[in-house]
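# Notes for the structure review
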Amino acid sequence: MLSGQLVGCLFSMAGRVCLSRSSAGLGTIGPVEAAIRTKLEQALNPEVLELRNESGGHAVPPGSETHFRVAVVSSRFEGLSPLQRHRLVHAALSEELAGPVHALAIQARTPAQWKENPQLDMSPPCLGGSKKTRGTP
């Protein structure tokens, strides 16, 4: 089961699904999240696009848009390796990854793969701080 609050179903037409989930629970979609969504829709024409802002689970100020998890289901991924799929996502989001986005977890699947397992994975809890503050070498 997914944790986080469903923020909105932005569209559901022609069999396409687009969801936003926020672990911060703020109930709003910020400008970085909106840009990520728009760029992935334009570049990959996904059948399913689930985007979760996981920034609230990390040591960042409230309302931050720095940590995201995305599930992109697109026929453009047919015949591509996972690395090639991730490169397509990274290319679409190069501006965000060079700036405000610190972490992006990607699930890039074909429609058949999504049909087998139609859920967005969970990220492990953030340990916070640095290695020095956690006592790790």
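This section reports on the structure supplied with the text. (Residues numbered from 1 in each chain as written. Predicted model: local features only at pLDDT ≥ 70, side-chain atom pairs only at ≥ 80, totals over all residues. Heavy atoms only, no water.)

Evaluated as defined, the whole model comprises 4 salt bridges. Note that E95 is salt-bridged to K39, the shortest N-O span being 3.1 Å. Of this pair, E95 sits in helix 3 (residues 94-98) while K39 is found in helix 1 (residues 31-44), placing the two residues 56 residues apart along the sequence. The closest approach of N and O atoms between R52 and E54, which form a salt bridge, is 3.0 Å. Of the two residues examined, R52 and E54, each falls in the buried class. Among the charged side chains, a network of salt bridges with common partners joins K39, E95 and E96. (Salt bridge = Lys/Arg side-chain N within 4 Å of Asp/Glu carboxyl O. Helix = DSSP H or I, 4+ residues; strand = E, 2+ residues; numbered from the N terminus. Buried < 20%, exposed > 50% of the residue type's maximum accessible area, 1.4 Å probe, protein only.)

One finds I36, L40, F68, V70, V72, V89 and L104 to be the most contacted residues of the largest nonpolar core, which totals 17 residues. Secondary-structure elements contributing two or more residues to this core are helix 1, strand 3 (48-53), strand 4 (67-73), helix 2 (82-92) and strand 5 (103-109). Here this core gets 4 residues from one element, more than from any other, and that element is helix 1. Sequence-distant contacts of V89, that is, excluding residues within four places in its chain, are made with L40, L44, F77, L104 and I106. Ranked by size, the runner-up nonpolar core spans 5 residues in total, among them V48, A71, W114 and L120. (Core = buried A, V, L, I, M, F, W, Y, C linked by side-chain atoms within 4.5 Å. Contact = heavy atoms within 4.5 Å.)

Turning next to the pairing of strand 4. Summarising burial for strand 4: 7 of the 7 residues are buried, a large majority. Neither face of strand 4 is exposed, since H67, R69, A71 and V73 on one face and F68, V70 and V72 on the opposite face are all buried. Two elements, strand 3 and strand 4, share 6 bridges in a ladder whose sense is antiparallel. Note on strand 4: the bridge partner recorded for V48 is V73. Of the pairings in the sheet, the one linking strand 4 to strand 5 comprises 7 bridges and is parallel in character. When the sheet's bridge partners are listed, R69 is paired in strand 5 with A105. (Pairing = 2+ DSSP bridges.)

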